[in-house]
Amino acid sequence: MPPQTSCKKFQGTVSEYLVRHKSILDVMSKFQEASAHVNRAMAKAVTNCGCLKIKAEKQPVSPNVNFSEVSKYVKTHIEGSLCSNCREVVEAELGNAMFYIAAFCTLLDLDLEKILSKENDRISTLGVYSLT
Ligand SMILES: [Zn+2]
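Residues numbered from 1 in each chain as written. Predicted model: local features only at pLDDT ≥ 70, side-chain atom pairs only at ≥ 80, totals over all residues. Heavy atoms only, no water.

Draft legend 1. Spatial organisation of the overall build of the chain. Scanning the chain from terminus to terminus reveals four helices and two strands. Here the chain has a C-alpha radius of gyration of 19 Å; the compact-globule value for 132 residues is 14 Å, and the former is much larger. Overall size of the chain, expressed as C-alpha extent along the three principal axes, is 50 × 40 × 30 Å. Taking all 132 residues of the chain together, 19% fall into the buried category. Of the contacts made within the chain by residues no fewer than 6 positions apart, 73% connect residues no fewer than 24 positions apart. (Helix = DSSP H or I, 4+ residues; strand = E, 2+ residues; numbered from the N terminus. Rg over C-alpha atoms; globule rule 2.2 N^0.38 Å. Buried < 20%, exposed > 50% of the residue type's maximum accessible area, 1.4 Å probe, protein only. Contact = heavy atoms within 4.5 Å.)

Draft legend 2. Inspection of a nonpolar patch on the surface at higher detail. A contiguous nonpolar surface patch, about 530 Å² in accessible area, is contributed by Ile 24, Leu 25, Met 28, Leu 108, Leu 110 and Ile 115. Top element by residues in the nonpolar patch is helix 2 (residues 24-49). It accounts for three residues. Take Leu 25: it is sitting in helix 2. (Patch = residues over 30% accessible without salt bridge, like charges linked within 9 Å, V, L, I, M, F, W, Y side chains within 5 Å. Areas by Shrake-Rupley, 256 points an atom, 1.4 Å probe, with all protein chains shown as cover. Salt bridge = Lys/Arg side-chain N within 4 Å of Asp/Glu carboxyl O.)

Draft legend 3. The packing of helix 1 (residues 6-17) against helix 3 (residues 84-107), seen in detail. Axis separation between helix 1 and helix 3 bottoms out at 9 Å; the angle between their running directions is 80°. Viewed along their axes, helix 1 and helix 3 adopt a mutual orientation that is roughly perpendicular. Taken together, the residues of helix 3 that come into contact with helix 1 (itself represented by Phe 10, Gln 11, Val 14, Ser 15 and Tyr 17) are Gly 95, Met 98, Phe 99, Ala 102, Ala 103, Cys 105 and Thr 106. Residues that form the contact of helix 1 with helix 3 fall into these classes: eight nonpolar, four polar and no charged. (Axes fitted to C-alpha atoms, helices over the stretch in contact; angles between N-to-C directions. Parallel < 35°, antiparallel > 145°, perpendicular 65-115°, else oblique. Nonpolar A, V, L, I, M, F, W, Y, C, P; charged D, E, K, R; others polar.)

Draft legend 4. Just the packing of aromatic side chains, in detail. Using the criterion set out here, one finds two aromatic pairs in the structure. Geometrically, the ring pair formed by Phe 31 and Phe 104 is edge-to-face, given 5.7 Å between the ring centres and 85° between the ring planes. Of this pair, Phe 31 sits in helix 2 while Phe 104 sits in helix 3; the two residues are 73 residues apart in sequence, bridging distant segments of the chain. With a centroid separation of 4.9 Å and 75° between ring planes, the pair formed by Phe 99 and Tyr 100 is classed as edge-to-face. (Phe/Tyr/Trp six-rings, centres within 6.5 Å; stacked < 30°, edge-to-face > 60°.)

Draft legend 5. Structural view of the pattern of salt bridges. The final tally for this structure, using the stated rule, is five salt bridges. Among the salt bridges present, the one from Glu 119 reaches Arg 122, with a minimum N-O distance of 2.7 Å. With Glu 119 and Arg 122 both in helix 4 (residues 112-126), this residue pair falls three residues apart, about one helical turn. Given a relative accessible area of 32%, Glu 119 falls into the partly exposed group. Judged by its relative accessible area of 33%, Arg 122 falls in the partly exposed class.

Draft legend 6. Inspection of the environment of Pro 63 at higher detail. Topologically, Pro 63 is positioned in the loop between strand 1 (52-54) and strand 2 (78-80). Pro 63 gets classed as exposed once you look at its relative accessible area, which sits at 79%. Linking Pro 63 and Leu 94, residues 31 residues apart in sequence, is a C-alpha distance of 35 Å.

Draft legend 7. Main features of the packing of helix 2 against helix 3. Running from amino to carboxyl end, helix 2 crosses helix 3 at an angle of 165°, the nearest separation of the two axes being 9 Å. The pairing of helix 2 with helix 3 is recorded here as roughly antiparallel in orientation. Between helix 2 and helix 3 lies a crossing whose hand is left-handed. Residues Ile 24, Val 27, Met 28, Lys 30, Phe 31, Ala 34, His 37, Val 38, Ala 41, Met 42, Ala 45 and Cys 49 of helix 2 form the contact with helix 3, whose own contacting residues are Cys 86, Val 89, Val 90, Glu 93, Leu 94, Asn 96, Ala 97, Tyr 100, Ile 101, Ala 103, Phe 104 and Leu 107. (Left-handed = near helix turned anticlockwise from the far one by under 90°.)

Okay, structure coming up:
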């Protein structure tokens with residue numbers, strides 16, 4: 001048997017621990033909650049900690065700019081970087097959200113690694129145009 005990639009290993013572990021939230025309804029609602037927690041952790045990094053600032057404004061992209069060059073002009077609107085504490089919280093919340101993504105895959109008999117691979121191929125093939 002070939003060694004398992006971290007993706008397959010993760011989905012396997014999630015499958016084993018998918019006891020309390022085995023209903024697809026639980027997974028759907030817990031995934032939404034987990035996504036909200038990721039955003040909440042980001043908001044707290046800005047408003048409680050202050051290690052990040054969000055300075056948003058309209059993206060100043062001229063209609064004459066070639067789409068492949070847009071990334072040179074658009075901003076993330078993020079200033080600063082996550083401190084070690086906020087990084088730990090955001091990582092934990094993202095990990096929790098990934099748990100529920102893997103749970104979706106398990107309950108629907110989907111292969112998380114295949115999905116990632118397909119998406120990677122799609123993005124690679126279509127390039128910047130895939131994300132519009
Ligand atoms: Zn912080």
